[in-house]
Amino acid sequence: MTNRPGPDGFEQLEAELRGALSREADAVRPDDRLDDIRAAVSPIRRRPGSWWAPIAAAAAVAAIVVGGWLGLRPSTAPSPIPATRSTIAPVSPAPSTTPSTSGTASPSTEPSTPSTPTTATTASTTVAVALPVYYLAPPGSSDGRFGLVRVFVPGQLPAGATVAQKADAALAAAMTVPADNPNRFVAAWPAEVTARYVALPAPEIGVSLSGPGVRGLTEQAQRLAVQALVWTVTAAVQQATAPVAVTVASGGPIFETVGTNVFKRPADQQVFEEVAPIWVDSPYPGQALAGGKAVVVTGLACVHEANVTWELRQGGSVVRQGHTMASSGCPQQGSWSVGLGTLAGGRYEFRATEISMKDGSVAFANVVPFTVG
Amino acid sequence: VRRPSEEAARRASDHALTDLYAAHWVGLVRLGVLLLRDRSRAEEVVQDAFVAAYPRLARLRQEGTALAYLRRSVVNGCRSGFRRHGVEERYLTSVRGSADAPGRASGDSAEMTALRRRDDAALLEAVHRLPQRQREVVVLRYYSDLSERQIADALDISPGSVKAHAQRALTTLRSTLGDAS
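Here the structure is a predicted model, which is why all the values come from computation and not from measurement.

## Section: helix 2 (residues 39-53) of chain B
Residue and element names in this part refer to chain B. Between its first and last C-alpha atoms helix 2 spans 21 Å; for 15 residues at 1.5 Å apiece the expected length is 21 Å, and the two agree. The buried fraction of helix 2 amounts to 15 of the 15 residues, a majority that puts the element mostly inside the structure. One side-chain oxygen of the residue at the start of helix 2 lies 3.1 Å from the amide nitrogen of S40, identifying that residue as D38.

## Section: unusual backbone geometry
Residues and elements named next belong to chain A. Residue P203 follows A202 across a cis peptide bond; omega there is 5°. Counting through the fold element by element, P203 comes out in the loop between strand 3 (195-199) and strand 4 (205-209). Along the chain, S282 connects to P283 via a cis peptide bond; the corresponding omega equals 0°. Checked against the element boundaries, P283 lands in the loop between strand 7 (278-282) and strand 8 (287-289). The backbone of A306 shows a phi angle near 60°, a positive value even though the residue is not glycine.

## Here we look at the nonpolar core
Ranked by size, the top nonpolar core spans 82 residues in total, and within it W189, L209, I254, W336, L340, F350 and F370 of chain A carry the most contacts. It is helix 5 (residues 219-236) of chain A that contributes the most residues to this core, eleven residues altogether. The residues touching L209 of chain A, leaving out its near neighbours within four places in the chain, are M175, W189, V193, T194, A195, L229, V246, T247, V248, A249 and I254 of chain A. Among the nonpolar cores identified, the runner-up in size contains 61 residues, and W25, A49, L57 and V139 of chain B belong to it.

## Looking at the packing of helix 7 (residues 132-142) of chain B against helix 8 (residues 148-155) of chain B
Each pair of packed helices can be described by the angle between their axes along with the distance between the axes. Residue and element names in this part refer to chain B. Running from N to C, helix 7 and helix 8 point in directions that differ by 135°, and their axes come no closer than 10 Å. By the angle between their directions, the pair helix 7 and helix 8 is classed as oblique. The two elements helix 7 and helix 8 cross, and the hand of that crossing is right-handed. In this structure, helix 7 contributes R133, E136, V137, L140 and R141 to the contact, and helix 8 contributes E148, I151, A154 and L155. In terms of residue class, the contact of helix 7 with helix 8 is built from five nonpolar, no polar and four charged.

## With respect to the packing of aromatic side chains
Residue and element names in this part refer to chain A. In the structure shown here, the tally under the stated rule is ten aromatic pairs over all chains. Considering the side-chain rings of Y134 and W231, the 5.3 Å spacing of their centres and the 55° angle between planes classify their relative orientation as tilted. Note that Y134 is positioned in strand 1 (residues 126-137) and W231 in helix 5, a separation of 97 residues in sequence. Each member of the pair, Y134 together with W231, is buried. With 5.1 Å between their ring centres and 10° between their planes, Y135 and F185 make a pair best called stacked. Taken together, the positions of Y135 in strand 1 and F185 in the loop between helix 4 (163-175) and strand 3 put the pair 50 residues apart, joining distant regions of the chain. Under the relative-accessibility criterion, Y135 is labelled buried at 5%. Taken together through their ring pairs, the aromatic side chains of Y134, W231 and W279 make up a single cluster.

## Observations regarding the pattern of salt bridges
All names here are of chain A. Evaluation of the coordinates by the stated rule reveals 17 salt bridges over all chains. The partner of D281 in a salt bridge is R150, and the shortest N-O contact between them spans 2.9 Å. Residue D281 is found in strand 7, and its partner R150 is found in strand 2 (residues 147-158); the two are separated by 131 residues along the sequence. Look at R150 and you get buried, because its relative accessible area is 0%.

Cut-offs used in this document
Residues numbered from 1 in each chain as written. Chains lettered and ligands numbered in written order. Predicted model: local features only at pLDDT ≥ 70, side-chain atom pairs only at ≥ 80, totals over all residues. Heavy atoms only, no water. Helix = DSSP H or I, 4+ residues; strand = E, 2+ residues; numbered from the N terminus. Expected span 1.5 Å × (residues − 1). Buried < 20%, exposed > 50% of the residue type's maximum accessible area, 1.4 Å probe, protein only. Polar contact = N/O pair within 3.5 Å; in protein donor to acceptor, adjacent residues only side chain to side chain. Core = buried A, V, L, I, M, F, W, Y, C linked by side-chain atoms within 4.5 Å. Contact = heavy atoms within 4.5 Å. Axes fitted to C-alpha atoms, helices over the stretch in contact; angles between N-to-C directions. Parallel < 35°, antiparallel > 145°, perpendicular 65-115°, else oblique. Left-handed = near helix turned anticlockwise from the far one by under 90°. Nonpolar A, V, L, I, M, F, W, Y, C, P; charged D, E, K, R; others polar. Phe/Tyr/Trp six-rings, centres within 6.5 Å; stacked < 30°, edge-to-face > 60°. Salt bridge = Lys/Arg side-chain N within 4 Å of Asp/Glu carboxyl O.

Encoded structure:
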């Protein structure tokens, strides 16, 4: 690298930029996609005599996606959303494997900048979002511990949603475990109990519960059930370090052993004490992926020697399995990914597991069902 | 049945694809990650760039312009993807860039490593919050190490605009980081 000179007076900042960007880039270990590229340009997928058929098809798909996205853009003032359990309605946002380069799909001589269509007529007052929601996962073995699992829950929010609307939507999702619950997330809150965001003088934020949590959870589960709300609301308002005052409107403690108080996420060094061993970020549970595109599963892990074991199941049978390494081992959370290549259409279940070093049993499993269209 | 000339063109493109993929796949994905902060989507953008360029890869390689062409496609693709996923991405990156983000927690690393990561995270977050053009200029200048002329070509703007975007970006970054410290 030649370190080209930039504007005068910024030498130190420029050096920091070069270092930070370089370190960030060096940590990226791309999957091998040469086979996918070859498959995409294979003559088998072209119409006979048409060199450009797959590219034209890709352009058409990209155009549809862009149009679909524009269809979500608002044209009228946003309407408030109630903080109820139905706030997050499952939708099908564009999957991560959606073709994303309408510009590059152009058969013109030079790659073009994606144009901005101006003919969208079906504007909406909501936009698709993926809210980071934290759930309480049970231990995978008798000597294990509870842990928080982050799930990106798809939903819709009014365009230009306020901090309170975002927080209320995320809290509403966090109060109810998903209907399809292969990970056996713990239902820590009675059905009638709601949680609302409360604005407080900075740096604090507040959560008001309409009632206490369920009874009979272990002490650790009670503490982490509250922390799940703390992680969720601080993620929603994008203030990870904010103290969160949790109150119960009906009075009394939150759980038998947890009274109302001000809570925080743990410091970076102690995060491992609250998170579950393995998170799966993508695909999210129930996601419908487009067919014909490589499927890549990504997530975080805080496991022994950074070793993540995985299986891809279909109809109860294991169709593929393997191991992957996270970028770091516990107590740090490291990122990991598994390239599954192009999958045939159908329903699948991805299971990422931590194997016990003691006896080889499954110490923890994170299960994500998804479909390929 | 393909004509002989078509078959020869396909073979030439296949060879060019193999060579260019080996030389530039990783670097282009890393460029995409810096622009999108999402590895999976960056891989898709770069994959699509290779697919779209495939018919002319042999000629581009011969002209010595393949990398510039692919890089321009990737920047355009990232811009498109960034717009499309804007709302969702802001949420995702906001979480990934904070306390629960991969590689951000300090764990048992050396103190200096932890501090550097924290500094990097703040700087990268500030870069990500720059206006799109400024962010592209910053990444192409300080990661890809391109000249003003090369950046101008990649972004289809004038060299003067590159200089102006760079100046504004650095001013904003210094102000942002200064305010945060």
